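Descriptive structure summary
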Amino acid sequence: MARLLTRVAAAVLAAALVLGTACRGAPLRSLADGLVLEPGFPKPAVTLTDTEGRPFRLREDTDGQAFLLFFGYTHCPDVCPVHMQNIAAALTRLPPAVRRKVRVLFVTTDPARDTPAVLRTWLDHFDPTFVGLRGDSVTIAESLRQLHLGQPVIQPGSDDTTYTVGHSASVLAFSSDNLAHVAFPFGTRQQDWVRNLPLLVDP
Amino acid sequence: MMTRHWPSRRHAGLLLLVLTACGGPARPGVRAGDLLLTDGFAYAPLDSAVGAAYVTIHNAGMAPDTLLDLSSPIAEGVMVHGGDMAGMGPAVVGAHDSLVFTPGGAHLMLMNLSALPKAGDSLALTLRFARAGTVTVRLPVRPYGTE
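Residues numbered from 1 in each chain as written. Chains lettered and ligands numbered in written order. Predicted model: local features only at pLDDT ≥ 70, side-chain atom pairs only at ≥ 80, totals over all residues.

Notes on the pairing of strand β8 (residues 107–113) of chain B
All names here are of chain B.
- For β8, a buried count of five out of seven residues is recorded, marking the element as mostly surrounded by other parts of the structure.
- Relative to β8, strand β3 (residues 50–59) is paired through four bridges, and the arrangement is antiparallel. Residue pairing for β8: Gly 51 is matched across the bridge by Leu 110.
- Examined bridge by bridge, strand β5 (residues 75–81) and β8 share six bridges and lie antiparallel to one another. Each residue of the ladder has a partner; that of Met 79, found in β8, is Met 109. (Buried ≥ 20, exposed ≤ 12 C-beta atoms within 10 Å, placed from the backbone. Helix = DSSP H or I, 4+ residues; strand = E, 2+ residues; numbered from the N terminus. Pairing = 2+ DSSP bridges.)

Focus on the nonpolar core
- The biggest cluster of nonpolar side chains holds 87 residues, and the ones touching the most others in it are Leu68(A) and Ala53(B).
- In terms of residue count, the dominant contributor to this core is helix α3 (residues 79–92) of chain A (nine residues).
- Once residues lying within four places of it in the same chain are set aside, the contact partners of Leu68(A) are Ile87(A), Val102(A), Val104(A), Leu105(A), Val171(A) and Ala173(A). (Core = buried A, V, L, I, M, F, W, Y, C linked by C-beta atoms within 7 Å. Contact = placed C-beta atoms within 7 Å.)

Side note on unusual backbone geometry
- The omega torsion across Glu38(A) and Pro39(A) is -5 degrees, close enough to zero to call that bond cis.
- Along the chain, Pro39(A) falls in strand β1 (residues 35–42).
- The phi dihedral of Asp39(B) falls on the positive side, at around 55 degrees, and the residue is not glycine.
- Residue position: Asp39(B) is located in strand β2 (residues 35–43).

Digging into the interface of chain B and chain A
- Contact residues are listed per partner, giving 23 residues for chain B and 25 residues for chain A.
- For the side of chain B that touches chain A, the secondary structure elements donating two or more residues are β3, β5 and β8 of chain B.
- When grouped by side-chain class, the residues that make up the side of chain B that touches chain A number 12 nonpolar, nine polar and two charged. (Nonpolar A, V, L, I, M, F, W, Y, C, P; charged D, E, K, R; others polar.)

Quick notes on the sheet that holds strand β6 (residues 131–134) of chain A
All names here are of chain A.
- The strand order across the open sheet formed by eight strands is β1-β10-β9-β4-β5-β6-β2-β3, and the pairing between neighbours is mixed. Every other strand in the sheet has two partners, leaving β1 and β3 (55–57) as the edge strands with one partner each. Across the sheet, the mean angle separating the axes of adjacent strands is 35 degrees when strand polarity is ignored.
- Here helix α5 (residues 116–124) sits on the sheet in contact with β5 (102–108) and β6, set at roughly 155 degrees to β6.
- Relative to the sheet, helix α7 (residues 190–201) contacts β4 (66–72), β5 and β9 (171–174), its axis offset from that of β5 by approximately 105 degrees. (Axes fitted to C-alpha atoms, helices over the stretch in contact; angles between N-to-C directions.)

Dropping the structure here:
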């Protein structure tokens, strides 16, 4: 997976460099600890399903909202639970006014094992307000492509239930202008989120 | 006459051993033959499906060694996963080299857990190597997340 992560990080970095950093405006763009995406990435116009079975239109249902978007899976050994735990812990350290404005969306790259119930139970370990989303493999692949994130790479296990899914380790931060301006890599700590999330909601 | 530069690769291995043994506060580690296992820990698993453990294996010897088998009393199985070890062929630690399992890279996956150790507990992990034989380490259990 390290190789994949390196490739994804390199791709995101390359995109950020190629696209240039000409227009620095909102504080998050200039002060963020993550990789700045210029111009920001728009949201894929896809419809996913939340853990209650309701349709979730990624573009329309988040219109004007700040949120963090991460693609991962519940059998993930470290990157996913570390990100989720760090974000959840950081949110508890922020004022309610900030906390209320940051949504966290977790899209599974492993819908076969991550049933709605499995996904809900797993996210509840961190924060019951985190939104768990599922979609078919075509929808997920298209979403990842539009967001310049690597496609899931299945690495077989000893049997059908122990495979791992290589995936991007970046958390995309969307601002109220409906664009992702920053990608936060694996290694982003709670103190980094505490510093950055207020800038995300109140640029 | 053969001239050897110092420190050579051979000496580097010796140096590692010396540094490990005498350098400042002793680096916590477990020795097995030419191998030294350091920086081991496991994350407190969220559920019984899967757990993740990490260790760094330094080989101070002149020959590569191979990690043949892994086990833990609380897991139905333990395997090497991720990194460049796709397909889980035997993980080799080269002569004078280190094999690093670390978050975001390769990890040791514990499957179907019979117990859920909490942060502050420890977890036994047994590693069987082709040359160094079998060694058991107790890994401290940490919560997910980084301050």
